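Inside the fold
Below are the chains, spelled out letter by letter.
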Amino acid sequence: MQATVPSLEDIRPNLFTPVRLGTHQLANRIVMAPLTRNRVGKEGVPQAMNIEYYRQRAGAGLIVTEGSQISPQGQGYPGTPGIHSPEQVAGWRRVTDTVHGQDGRIFLQLWHVGRVSHPSLQPDGALPVAPSAIPAEGEGMTLEGPKPFVTPRALELDEIPGLIGQFSKAAENALRAGFDGVEIHAANGYLLDQFLRDGSNQRTDKYGGSVENRLRLLLEVTDAVSRVWNADRVGVRLSPLNSFNTMTDSSSQATFVTAVESLNHFGLAYLHVVEPDFTGQVTGFDYLRLRNSFMGPYIANGGYDKERADRTLESGAADLVSFGKAFIANPDLTDRFATNGTLNEPDPSTFYGGDERGYIDYPALP
Ligand code: 8OZ
């Protein structure tokens with residue numbers, strides 16, 4: 001191998017240092033975080049308005065789409081897209097063609113919500129499924145407004161292969177829809193996270209108990225998805241501290257370091273980590289240790305602004321940074337960061353559901 005002299009930028013990268021993510025060379029390290037916006041039609045098929053939303057944001061080095069249910073059973077909110085029907089695949093194909101037309105890169109997020117769904121969103125009004133029959137506390141969102149979470153049905157052991165099959169099929173559909181890769185949503189209190197953490201997983205079979213057992217489903221899903229995509233086009237999202245959806249773990253640091261060490265052998269495109277609790281707190285967790293346990297690109301998420309992102313990249317504590325709210329309000333966030341432009345303020349009242357307003361009408365800089 002020929003020796004190359006590293007440039008200063010290799011040593012001290014910032015948001016505008018190109019980076020390799022699996023098979024993809026990205027123009028910058030600014031990632032659009034997956035954002036649930038509840039603006040897709042009832043059948044979960046992306047429409048013109050959704051295509052325009054992603055087109056506007058294609059300046060990100062990488063877009064990760066909003067969570068997309070892998071099956072009807074995986075849906076937990078109104079207006080979220082799916083990746084299980086031919087119509088959904090065709091709708092997403094229009095999104096990926098449009099983003100690629102802007103030289104953007106886009107991964108689809110594969111999502112199953114597990115226990116936080118509601119019978120009114122489930123096929124035949126069934127109970128949502130989960131590792132254990134333990135409900136989240138509070139209310140979930142349904143087509144008829146907020147309703148108390150129900151006690152889910154614990155998955156039978158012999159249903160697990162079918163569940164993994166849902167992920168495989170969805171991964172195949174994402175390939176057909178022209179995505180550049182997929183991200184497995186194992187964060188924020190949804191199904192895979194429910195298996196990972198012991199507050200929601202009290203199974204006594206090989207999918208519960210020890211960390212190794214609680215990790216098993218995530219590893220089997222990652223394996224199945226990697227058979228479709230190759231692991232170098234697969235990312236995994238984790239959220240060690242996020243208590244959203246009533247999530248707890250008696251030993252977060254150990255659970256998530258073990259998870260990351262086990263994921264290493266796949267050679268994933270990246271690990272994407274939601275660092276704070278949804279309240280914004282980041283306490284009692286050593287993220288540098290988690291980051292150093294992972295042998296691939298690390299995308300940091302949660303409350304970063306440009307300045308902190310650059311500092312984090314320079315220090316080596318992350319390789320890329322994803323931005324959520326800033327991308328909602330600033331379709332041209334990359335240009336604004338490049339020129340140190342001022343940022344539009346996001347309007348939380350239009351985050352979830354509604355029409356074009358607060359979705360595709362945030363102005364770009366002239
Ligand atoms: C907010 C509202 C609904 C869903 C997540 C998919 O937290 C979500 C989500 C966030 O990952």
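Everything below is about the structure shown above.
One structure accompanies this document, and this report is about it. Within each chain, residue numbers correspond to sequence positions counted from 1 in written order. Totals for whole chains, interfaces and linings use all residues, but because this is a predicted model, local features are given only for residues with pLDDT of at least 70 and pairs of side-chain atoms are given and counted only at 80 or more. Values reported for side chains reflect all heavy atoms of the structure, with hydrogen atoms and water molecules removed beforehand.

With respect to the overall build of the chain
- Every helix listed is a DSSP run of H or I at least four residues long, and every strand listed is a run of E at least two residues long, numbered separately from the N terminus. Looking only at helices and strands, the chain has 11 helices and 14 strands in total.
- Atoms counted for the radius of gyration: C-alpha only. Globule rule: 2.2 Å times residue count to the power 0.38. Here the C-alpha radius of gyration of the chain, 19 Å, is about what a compact globule of 366 residues would show, namely 21 Å.
- When the backbone C-alpha atoms are referred to their principal axes, the chain occupies close to 55 × 45 × 35 Å.
- With 366 residues in all, the chain has 59% of them scored as buried.
- The contact criterion used throughout is that any non-hydrogen atoms of two residues lie within 4.5 Å. Look at the contacts in the chain between residues 6 or more apart in sequence, and 72% of them connect residues 24 or more apart.
- Here the open area of atoms and residues is found with the Shrake-Rupley method and a 1.4 Å probe, where only the protein chains shown may cover a residue. By element, 51% of the accessible surface of the chain is carried by carbon and sulfur atoms, the whole surface being about 14900 Å². Three exposure classes are used, based on accessible area relative to the maximum for each residue type with a 1.4 Å probe and protein chains only: buried under 20%, partly exposed in between, and exposed over 50%.

A look at unusual backbone geometry
- Not every positive phi belongs to a glycine, and Asn245 is a case in point at roughly 65°.
- Relative to the helices and strands, Asn245 resides in the loop between strand 11 (234-238) and helix 7 (252-263).
- The backbone of Asn340 sits at a positive phi, close to 50°, despite the residue not being glycine.
- You can see Asn340 is positioned in the segment after helix 11 (333-338).
- Assessed through its relative accessible area of 59%, Asn340 is described here as exposed.

With respect to the packing of aromatic side chains
- Within 6.5 Å between ring centres, the rings of Phe, Tyr and Trp (the latter by its six-membered ring) count as paired, and their orientation is classed by plane angle as stacked under 30 degrees, edge-to-face over 60, tilted in between. Throughout the structure, instances matching the rule amount to 12 aromatic pairs.
- Relative to Tyr359, the ring of Tyr53 has its centre 4.2 Å away and its plane inclined at 15°; by these criteria the two rings are stacked. Of this pair, Tyr53 sits in helix 2 (residues 48-56) while Tyr359 is found in the segment after helix 11, placing the two residues 306 residues apart along the sequence. In terms of burial, Tyr53 and Tyr359 fall into one category: buried.
- Between the aromatic rings of Trp111 and Tyr190, the centroid separation amounts to 5.3 Å while the plane-to-plane angle is 85°, which identifies the pairing as edge-to-face.

What about the pairing of strand 5 (residues 106-111)?
- With 6 of its 6 residues buried, strand 5 lies for the most part within the structure.
- Pairing geometry for strand 4 (residues 62-69) and strand 5, over 5 bridges, is parallel. Paired with Ile63 across the bridge in strand 5 is Ile106.
- A crossover counts as right-handed when, viewed with the strands pointing away from the observer, the path leading from the first strand over the helix to the second turns clockwise. Handedness of the crossover joining strand 4 and strand 5 through helix 3 (residues 86-101): right-handed.
- Here, strands pair whenever DSSP counts at least two bridges between them. With 4 bridges joining them, strand 5 and strand 10 (residues 181-185) adopt parallel strand pairing. Residue pairing across strands places Leu108 opposite Val182, the latter belonging to strand 10.

Regarding the sheet that holds strand 14 (residues 320-323)
- Pairing in this closed barrel of 8 strands is parallel, and the strands run 3-4-5-10-11-12-13-14 around the ring. When the angles between neighbouring strand axes are averaged without regard to direction, this sheet yields 25°.
- Throughout, an axis means a line fitted to C-alpha atoms (over the contacting stretch in the case of helices), and angles, computed between N-to-C directions, take values from 0 to 180 degrees. Together, strand 3 (30-32), strand 4 and strand 5 form the strand contacts of helix 2, whose direction differs from that of strand 4 by roughly 150°.
- Across the sheet, helix 3 lies against strand 4 and strand 5, angled at about 150° from strand 5, the strand it touches most.

Re helix 2
- When helix 2 is considered as a whole, its buried residues turn out to be Met49, Asn50, Ile51, Tyr53, Tyr54 and Gln56.
- Where helix 2 is buried, its residues touch strand 3, strand 4, helix 3 and strand 5.

Considerations on the site of the ligand
- Only a single heavy atom is needed: when it lies within 4 Å of a molecule or strand, its residue is near that molecule or strand. Around the ligand, the structure places Thr36, Tyr77, Trp111, His185, Asn188, Tyr190, Phe244 and Tyr352.
- Whenever two N or O atoms come within 3.5 Å, that pair is a polar contact, provided that in protein one can donate a hydrogen and the other can accept it, and provided that, for residues adjacent in sequence, both atoms are side-chain atoms. Asn188 is positioned with one of its side-chain polar atoms (N or O) 2.7 Å from an oxygen atom of the ligand.
- For the ligand, the protein covers 82% of the area, taking 310 Å² as the surface of the free molecule.
- Residues of the shell around the ligand, tallied by class, amount to 5 nonpolar, 3 polar and no charged. Under the convention adopted here, Pro, Cys and the residues Ala, Val, Leu, Ile, Met, Phe, Trp and Tyr are nonpolar, Asp, Glu, Lys and Arg are charged, and Gly plus all remaining residues are polar.

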